[in-house]
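Examining the three-dimensional arrangement
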Amino acid sequence: MASFDLPRRLVAEALGTAMLVATVVGSGIMASSLTGDVGLALLGNTLATGAILVVLITVLGPISGAHFNPAVSLVFAMSRALAKRDLAGYVLAQITGGIVGTVVAHLIFALPIVELSSKVRTGGAQWFSEGVATFGLVAIILAGIRFEQKAVPWLVGLYITAAYWFTASTSFANPAVALARSLTDSFSGIRPIDLPGFWIAEITGAVAALLLFTWLLQPGASSTLSSEAKL
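The rules behind each value
- Residues numbered from 1 in each chain as written.
- Predicted model: local features only at pLDDT ≥ 70, side-chain atom pairs only at ≥ 80, totals over all residues.
- Heavy atoms only, no water.
- Salt bridge = Lys/Arg side-chain N within 4 Å of Asp/Glu carboxyl O.
- Buried < 20%, exposed > 50% of the residue type's maximum accessible area, 1.4 Å probe, protein only.
- Helix = DSSP H or I, 4+ residues; strand = E, 2+ residues; numbered from the N terminus.
- Contact = heavy atoms within 4.5 Å.
- Core = buried A, V, L, I, M, F, W, Y, C linked by side-chain atoms within 4.5 Å.
- Phe/Tyr/Trp six-rings, centres within 6.5 Å; stacked < 30°, edge-to-face > 60°.
- Lys NZ or Arg CZ within 6 Å of the ring centre and 35° of its normal.
- Expected span 1.5 Å × (residues − 1).
- Axes fitted to C-alpha atoms, helices over the stretch in contact; angles between N-to-C directions.
- Left-handed = near helix turned anticlockwise from the far one by under 90°.
- Nonpolar A, V, L, I, M, F, W, Y, C, P; charged D, E, K, R; others polar.

Here the focus is the pattern of salt bridges. Evaluated as defined, the whole model comprises three salt bridges. The salt bridge partner of Arg 8 is Asp 5, with a shortest N-O separation of 2.7 Å. With relative accessibility at 52%, the residue Arg 8 sits in the exposed group. Assessed through its relative accessible area of 35%, Asp 5 is described here as partly exposed. As a salt-bridge pair, Arg 9 and Asp 86 come within 3.4 Å of each other at their nearest N and O atoms. Here Arg 9, found in helix H1 (residues 6-34), pairs with Asp 86, found in helix H4 (residues 84-108); they are 77 residues apart in sequence, far enough to count as distant. Overall, the relative accessible area of 12% leaves Arg 9 in the buried class. Looking at Asp 86, the relative accessible area reads 7%, which means it is buried.

Moving on, we come to the side chain of Gln 126. Following the sequence through the fold, Gln 126 ends up in helix H5 (residues 124-147). Given the relative accessible area of 15%, Gln 126 is considered buried. In this structure Gln 126 touches Arg 121, Ala 168, Ser 169 and Phe 198, once residues within four positions along its chain are discounted.

This next bit is on the nonpolar core. With 36 residues, the main nonpolar core has Leu 20, Phe 68, Leu 137, Val 156 and Ile 160 as its most contacted residues. Looking at this core, the elements with two or more residues in it are H1, helix H2 (38-64), helix H3 (70-78), H4, H5, helix H6 (152-166) and helix H7 (175-181). Contact partners of Leu 137, with chain neighbours within four places excluded, come to Asn 69, Val 72, Val 156, Tyr 159, Ile 160 and Ala 173.

Here we take up the packing of aromatic side chains. With the rule as written, the count across this model stands at three aromatic pairs. With a centroid separation of 6.2 Å and 70° between ring planes, the pair formed by Tyr 159 and Phe 166 is classed as edge-to-face. Summarising the aromatic geometry, the rings of Phe 172 and Phe 198 are spaced 5.1 Å apart at their centres and angled 70° between planes, so their arrangement reads as edge-to-face. In this pair, Phe 172 is assigned in the loop between H6 and H7 and Phe 198 in helix H8 (residues 195-216), connecting sequence segments 26 residues apart. Each member of the pair, Phe 172 as well as Phe 198, carries the same accessibility label: buried. Stacked on the ring of Phe 187, the Lys or Arg Lys 119 has its end atom at 4.8 Å from the ring centre.

A word on H8. A rise of 1.5 Å per residue sets the reference length of H8, with its 22 residues, at 32 Å; its end C-alpha atoms lie 31 Å apart and thus fit the reference within 8%. Residues of H8 that are buried include every one of Leu 195, Phe 198, Ala 201, Glu 202, Gly 205, Ala 206, Ala 209, Leu 210 and Phe 213, and no others.

So, about the packing of H5 against H8. At a closest axis distance of 7 Å, the pairing of H5 and H8 adopts a crossing angle of 35°. Read as a crossing pair, H5 and H8 show a hand that is right-handed. In contact with Gln 126, Trp 127, Glu 130, Gly 131, Thr 134, Phe 135, Val 138, Ala 139, Leu 142 and Ala 143 of H5, H8 contributes Gly 197, Phe 198, Ala 201, Glu 202, Gly 205, Ala 206, Ala 208, Ala 209, Leu 210, Leu 212 and Phe 213. Considered class by class, the residues forming the contact of H5 with H8 number 14 nonpolar, five polar and two charged.

Here it is, written out as structure tokens:
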């Protein structure tokens, strides 16, 4: 990532987030138009989202790190893996890309360019779900980078595929994507008024994962002493 300058990294973040949101929104529109079965529509939405994450992280990760997510960028800035001066640019690129992704999906399906969502997503269970979903996402990323970096695209794609189904909120786990999804009154939408609860839960879950895994991924003192004794 260090070999790419900031403008290229920001474009990669915007492009990746746009393609991710276009897939989430577009596959939701397609699925709901093909079936009245909500479960089957969610399955189609899930598979498309998990698949595109593997692709996008694989091809754009070497350029920008493939965060596509302000919560992930915040975690990397806090852990000094991303320069703090670059954080605002990453977040702005992700938000802009997400909005563009919604517009692209609407144009593909001949819908109004922007429609504020009327889909209710609020309440304690939804917020807790978002905290858990984002905690898990950040945990998977941090542990994946530590132990099996090449597998991270698959780990993230598979985790989100699973989290669509084990969380009540269907695992947004991303403040920029949540904002973009508030601009579509389709299958994957969320009311703008419900965004603050999701954002707070997502950031809280991300920071909690960073705190725990910063400790968890470090060898203990006894392990270090044992290794030195063997030498």
